[in-house]
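Next come the chains, spelled out residue by residue.
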Amino acid sequence: MRRLASTALRPVELTVNGRPVRVEVEPRHLLADVLREDLELRGVHLGCEHGICGACTILVDGEPARSCLMLAVQADGLELTTVEALATGPDLHPLQRAFQERHGLQCGFCTPGFLLTSLHLLREGIDLEDEAKLREALSGNLCRCTGYQNIVDSVRHAAALLEGDTS
């Protein structure tokens, strides 16, 4: 009987939420699993595990990416941002506050993906007046609980909070 060769662990060096991290992983391990299980970053949610729902969205070198579709070894040398990087202690990031104040979440399962996608869109300067464009930009994230209007309103409110307008 032929035995399967053991899979050697590979070192992966990352910057996660501003901290340098080194992990040893099997080459087949998904980045989402390493973030959740090895680094205990539970804000990375696994929904469909096919890249459709967006719950596992993180920022990879500043760009939204599906961590359920990426092997951990592919992230070697990259900078990753998860939802855990947003809040500073008990103080919510303006984006998180906007989602709370404008009811952009219900169960919260999809929220980390929406938050990181929205953060990217705001950094890129998306035209918030063009609702169709904003909805299209958010369409890679699925929510089963809310209508999307409150999410759109939350992103717009976050932009105002980031600019210092608290109304």
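So, how was this worked out
Residues numbered from 1 in each chain as written. Predicted model: local features only at pLDDT ≥ 70, side-chain atom pairs only at ≥ 80, totals over all residues. Heavy atoms only, no water. Helix = DSSP H or I, 4+ residues; strand = E, 2+ residues; numbered from the N terminus. Contact = heavy atoms within 4.5 Å. Areas by Shrake-Rupley, 256 points an atom, 1.4 Å probe, with all protein chains shown as cover. Lys, Arg positive; Asp, Glu negative; His and termini not counted. Charge placed at Lys NZ, Arg CZ, Asp CG, Glu CD. Core = buried A, V, L, I, M, F, W, Y, C linked by side-chain atoms within 4.5 Å. Buried < 20%, exposed > 50% of the residue type's maximum accessible area, 1.4 Å probe, protein only. Phe/Tyr/Trp six-rings, centres within 6.5 Å; stacked < 30°, edge-to-face > 60°. Pairing = 2+ DSSP bridges. Axes fitted to C-alpha atoms, helices over the stretch in contact; angles between N-to-C directions. Disulfide = S-S within 2.5 Å.

Trainee: Which parts of the structure should I look at to understand the overall build of the protein chain?
Mentor: Across its full length, the protein chain holds five helices and five strands. Each helix (α) and strand (β) of the protein chain, taken in turn from the N terminus, gives the series β-β-α-β-β-β-α-α-α-α. Its C-alpha atoms put the protein chain at 70 × 30 × 25 Å along the principal axes. Intrachain contacts of the protein chain at a sequence separation of at least 6 include 56% that bridge at least 24 residues. Put simply, the protein chain shows about 9,300 Å² of open surface, and 48% of that area lies on carbon and sulfur atoms. Of the charged side chains in the protein chain, 16 are positive and 24 negative, and the gap between their average positions amounts to 8 Å.

Trainee: How do you make sense of the nonpolar core when you look at a structure like this?
Mentor: Nonpolar side chains tend to gather and get buried jointly when the protein is soluble and globular. In this structure, Leu134 and Leu138 are the most contacted members of the largest nonpolar core, which totals 24 residues. When residues of this core are traced back to their parent elements, those giving at least two are α2 (94-101), α3 (111-124), α4 (131-138) and α5 (149-162). Counting residues in hydrophobic clusters, the runner-up holds 23 residues, among them Val21, Ala32, Ala75 and Leu80.

Trainee: For this particular structure, what's the right way to read the packing of aromatic side chains?
Mentor: Between two aromatic rings, the relevant description is the distance of the centres plus the angle of the planes. For the structure shown, the criterion picks out one aromatic pair. Both rings, one in Phe114 and one in Tyr148, keep their centres 6.2 Å apart while their planes meet at 55 degrees; by these two values the pair is tilted. In this pair, Phe114 sits in helix α3 while Tyr148 sits in the loop between α4 and α5, placing the two residues 34 residues apart along the sequence. Judged by its relative accessible area of 1%, Phe114 falls in the buried class. Here Tyr148 falls in the partly exposed class, since its relative accessible area comes to 30%.

Trainee: Can you help me understand helix α1 (residues 31-38) in this one?
Mentor: Spacing of three or four residues puts side chains on the same side of an α-helix, whose turn is 3.6 residues. Considered for burial, the residues of α1 that qualify are Leu31, Ala32, Val34 and Leu35. Residues of α1 that are buried in the fold lie against β1 (10-16), β2 (19-25), β3 (57-60) and β5 (79-81). Residue Glu40 follows α1 closely and has a positive phi angle near 55 degrees.

Trainee: Just checking my understanding: could you explain the pairing of β1 for this structure?
Mentor: On any regular strand, side chains alternate: one points to one face of the sheet, the next to the other face. Across seven bridges, the pairing between β1 and β2 is antiparallel. The partner of Thr15 across the bridge, within β2, is Pro20. Counted between consecutive antiparallel strands, the loop separating β1 from β2 contains two residues, among which Asn17 sits at a positive phi close to 50 degrees.

Trainee: Got a minute to help me understand the sheet that holds β3 in this structure?
Mentor: Hydrogen bonding along the main chain pairs the strands of a sheet, whether they run parallel or antiparallel. Strand order across the open sheet formed by five strands is β2-β1-β5-β3-β4, with mixed pairing between neighbours. Whereas interior strands pair on both sides, the edge strands pair on one side only; in this sheet they are β2 and β4 (63-66). Neighbour-to-neighbour, the strand axes of this sheet turn through a mean angle of 40 degrees, independent of strand direction. Where β3 meets β4, four bridges bridge the pair, whose relative direction is antiparallel.

Trainee: Mind showing me how you'd approach the environment of Gly43 here?
Mentor: Its place among the elements puts Gly43 in the loop between α1 and β3. The class for Gly43 is buried, based on a relative accessible area of 13%. With 91 residues separating them along the chain, Gly43 and Leu134 place their C-alpha atoms 24 Å apart.

Trainee: Sorry, what's going on with the state of the cysteines here?
Mentor: Simply put, the disulfide is a covalent bond whose two ends are the sulfur atoms of two cysteines. Inspection of the entire model under this criterion finds zero disulfides. Cysteine Cys56 remains unbridged, with the sulfur of Cys68 as its closest cysteine sulfur at 3.5 Å.

Trainee: Which parts of the structure should I look at to understand unusual backbone geometry?
Mentor: Glycine aside, residues mostly have negative phi, and peptide bonds are mostly found in the trans state. Despite not being glycine, Glu40 shows a phi value in the positive range, around 55 degrees. Tracing the sequence through the fold places Glu40 in the loop between α1 and β3. Taking relative accessible area as the criterion, Glu40 reaches 59% and is therefore assigned exposed. For His103, which is not glycine, the phi torsion reads 55 degrees and is therefore positive. By secondary structure assignment, the location of His103 is in the loop between α2 and α3. Exposure remark for His103: the relative accessible area of 54% places this residue in the exposed category.

By themselves, these figures tell us nothing about what the structure is for.
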